[in-house]
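Residue-level structural notes
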Amino acid sequence: MKIHLCMHLLLYCASELCLTLDMEWKTIVFTILVVSLCFLAIPIKVDPDNNEDIKLFQNYVIRYNKSYRNNPSEYEERFKRFQRSLQHIERMNGLRSSQESAYYGLTEFSDMSENEFLLHTLLPDLPIRGEKHMNASYHRKHQVSIDRMKRSISIPLRFDWRDKGVITPVRSQGSCGACWAFSTIEVIESMFAIKNGTLHSLSVQEMIDCAKNSNFGCEGGDICSLLSWLLISKVQILQESIYPLVGMTGTCKLGKMTDKTFNIKIQDFTCDSFVDAEDELLIALATHGPVAAAVNALSWQNYLGGVIQYHCDGSFNNLNHAVQIIGYDKSVAVPHYIIKNSWGSNFGDKGYMYIGIGNNLCGIANQVSSLDTF
């Protein structure tokens, strides 16, 4: 079941209503209606009644195994934030224009305030970091031209690099603010697989522990700075099995860990702007490979699935997260990018998300990195 609110309502019905032997006919009809709506993937309007909110929250705390379940003061505060999320979910679902539109419900972040989500899950300093790359030799600003428009017509209507077997499983960054390392390593994995025919899981932890050039492990960093450091330093990127992920910043172990049988390094990279030139980004995805992109993920807090078409600001100044773009689909009613996130496979559509093409939604075209390996 895709809609978490539906699941909670079903559980509530089963435990409090459906097991009652002398159930009134109105209750039976209501329960059947809820089930029907869930199968149709139509968002359920949240009942503002406080008792029902409490029941939903109790189920939520159990489902996500929240640490504050035995802390009364924090529990109460989290409940208030949870209620605000319920209101936001109802509002966002009310703005859906079609069945393909993004829909929202309860996620592991639904007990956070928007500001807390920004500060503890995202990277609010990305715009400041991004500005220093604007005048670098590896930065290009793409523009629309007739030749490029012709080239975009020749690419497939749909292209998904998962179909080529060059995308590793979705990871979870947990409480570590290293989306910049996850997205970059994932693109390196894909590009090496495209070039050499074998897919390997590479070490994100190596980047977290060792990357210099103003990268600070779980405290933050950015894709372009990491790629620049990898190119200049010629650091050997190790396999994840040798340098495994632990989800916190540690001491760099490069001197102690080597792999003489496997050697992968960055050969070249770019950090480009595709604002007003997203057709060129589609060409790059179809003809070169997956890319890493800085995005504005503030509105993703309660995302469950569907295509984000609205309410996701694309300003460069609001970039705060990094993801891998692994393909696109223009063959459907709402053309969209296919996004691999790093919040685990339980978030979104098994760890993936979809963002509409053409309007720089969520800032997806502001800073996009492609690379080559050897």
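Anyway, here's the lowdown on the structure attached to this text. (Residues numbered from 1 in each chain as written. Predicted model: local features only at pLDDT ≥ 70, side-chain atom pairs only at ≥ 80, totals over all residues. Heavy atoms only, no water.)

Before going further, it helps to spend a moment on the pattern of salt bridges. Throughout the structure, instances matching the rule amount to 15 salt bridges. Its salt-bridge partner being Arg-78, residue Glu-116 comes within 2.9 Å of it at the nearest N-O pair. With a gap of 38 residues between them, Glu-116 in helix H5 (residues 114-121) and Arg-78 in helix H4 (residues 72-94) connect regions that are remote in the sequence. The same class applies to Glu-116 and to Arg-78, which are both buried. Taking the shortest distance from any N to any O, the salt bridge between Arg-162 and Asp-160 comes out at 2.8 Å. A residue is classified by how much of its surface remains accessible, and Arg-162, at 33% relative accessible area, is partly exposed. (Salt bridge = Lys/Arg side-chain N within 4 Å of Asp/Glu carboxyl O. Helix = DSSP H or I, 4+ residues; strand = E, 2+ residues; numbered from the N terminus. Buried < 20%, exposed > 50% of the residue type's maximum accessible area, 1.4 Å probe, protein only.)

The next point concerns unusual backbone geometry. One non-glycine residue, Ser-214, lies in the positive phi region at around 70°. Residue placement: Ser-214 occurs in the loop between helix H9 (204-210) and helix H10 (223-233).

What follows covers the state of the cysteines. Under the criterion given, the structure shown has four disulfides. Two residues share a disulfide in this structure: Cys-210 and Cys-252, whose sulfurs sit 2.0 Å from each other. The sign of the S-S torsion, about 100°, decides the handedness of the disulfide formed by Cys-210 and Cys-252: right-handed. With Cys-210 in helix H9 and Cys-252 in the loop between H10 and strand E4 (266-273), the pair connects residues that are 42 residues apart, well separated along the chain. (Disulfide = S-S within 2.5 Å.)

Our focus in this paragraph is the packing of aromatic side chains. The tally for this structure, following the rule as stated, stands at 19 aromatic pairs. For the pair Tyr-60 and Phe-82, a centre-to-centre distance of 5.1 Å together with 50° between the ring planes defines the contact as tilted. With Tyr-60 in helix H3 (residues 50-63) and Phe-82 in helix H4, the pair connects residues that are 22 residues apart, well separated along the chain. For Phe-82, a relative accessible area of 0% gives the class buried. Seen from their ring centres, Phe-192 and Phe-262 are 5.4 Å apart, and the 65° between their planes marks the pair as edge-to-face. Here the residue Phe-192 occupies a position in helix H8 (residues 179-196), and Phe-262 occupies one in the loop between H10 and E4, the gap between them amounting to 70 residues. The class for Phe-192 is buried, based on a relative accessible area of 10%. An aromatic cluster is defined as three or more aromatic residues linked by ring pairs; in this entry it consists of Phe-57, Tyr-60, Tyr-64, Tyr-68, Tyr-75, Phe-79 and Phe-82. (Phe/Tyr/Trp six-rings, centres within 6.5 Å; stacked < 30°, edge-to-face > 60°.)

Right, let's get into the pairing of E4. For E4, the buried fraction is high: six of the eight residues fall into the buried class. Summarising the sheet, E4 and strand E11 (residues 368-373) pair through six bridges and their orientation is antiparallel. Across the sheet, residue Cys-271 finds its bridge partner in E11, namely Ser-369. (Pairing = 2+ DSSP bridges.)

Another aspect to go through is the side chain of Arg-96. Here Arg-96 is to be found in the loop between H4 and strand E1 (103-104). Summary of buried charges: Arg-96 has no salt-bridge partner, and the nearest side chain of opposite charge, Glu-100, is 7.2 Å away. At 3.1 Å, the side chain of Arg-96 forms a polar contact with the backbone oxygen of Ser-101. Here the side chain of Arg-96 touches Ala-102 through a polar contact of 3.3 Å, landing on its backbone oxygen. (Lys, Arg positive; Asp, Glu negative; His and termini not counted. Polar contact = N/O pair within 3.5 Å; in protein donor to acceptor, adjacent residues only side chain to side chain.)

It is worth spelling out H5 at this point. Taken as a whole, H5 has its buried residues at Glu-116, Phe-117 and Thr-121. One side of H5 holds all its buried residues, which, seen down the axis, span an arc of 100°. Close packing links the buried residues of H5 with H4. (Arc of directions from axis to C-beta. Contact = heavy atoms within 4.5 Å.)

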